[in-house]
Amino acid sequence: MLTIGNQQFKSRLLLGTGKYPNLDIQKEAVDVSESEILTYAVRRMNIYEPSQPNFLEKLDLNRFQLLPNTAGAKTAEEAVRIAELAKA
């Protein structure tokens, strides 16, 4: 059991959701991993363009704790801005 704060997880695996060849393989990897914590790169998501693929739409979001990844930020201010976008 992994305990973070007041949350408990059966799996200790935190799975990154980037760099899969397509959304179907990404979803399959998430499913077979049995991870309960997923990270995603906010910078790679275009939430304002409905025609762009969005892996979040393919998942049962009640199963996962989502953690935004601010990698790629060049300053602390940019990392905070990316994290605030993820929260929104």
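Residues numbered from 1 in each chain as written. Predicted model: local features only at pLDDT ≥ 70, side-chain atom pairs only at ≥ 80, totals over all residues. Heavy atoms only, no water.

As a further point, take the overall build of the chain. Looking only at helices and strands, one finds two helices and five strands in the chain. Counting from the amino terminus, the chain carries its helices and strands in the arrangement β-β-β-α-β-β-α. Across the 88 residues that make up the chain, the buried fraction comes to 24%. (Helix = DSSP H or I, 4+ residues; strand = E, 2+ residues; numbered from the N terminus. Buried < 20%, exposed > 50% of the residue type's maximum accessible area, 1.4 Å probe, protein only.)

Spatially, three strands are ordered β3-β4-β5 in an open sheet, and the strand pairing comes out parallel. One side of each edge strand has no neighbouring strand; the edge strands of this open sheet are β3 (14–16) and β5 (65–69). Strand after strand, the sheet turns through a mean of 30° between neighbouring axes, direction not considered. Relative to β5, strand β4 (residues 37–41) runs parallel, the two sharing five bridges. Within the sheet, the bridge partner assigned to Tyr 40 lies in β5 and is Pro 68. (Pairing = 2+ DSSP bridges. Axes fitted to C-alpha atoms, helices over the stretch in contact; angles between N-to-C directions.)

Moving on: unusual backbone geometry. Look at Lys 19: it is not a glycine, yet its phi comes out positive at around 65°. Relative to the assigned elements, Lys 19 resides in the loop between β3 and α1 (23–33). Taking relative accessible area as the criterion, Lys 19 reaches 74% and is therefore assigned exposed. You will see that Glu 34, though not glycine, has its phi angle at about 60°, which is positive. Mapped onto the elements, Glu 34 comes out in the loop between α1 and β4.

Another point: the environment of Lys 10. Mapped onto the fold, Lys 10 is located in the loop between β2 (7–9) and β3. Lys 10 gets classed as exposed once you look at its relative accessible area, which sits at 72%. In sequence terms Lys 10 and Glu 36 are 26 residues apart; their C-alpha atoms lie 7.6 Å from each other. When neighbours within four sequence positions are excluded, Lys 10 is seen to be in contact with Met 1 and Glu 36. (Contact = heavy atoms within 4.5 Å.)

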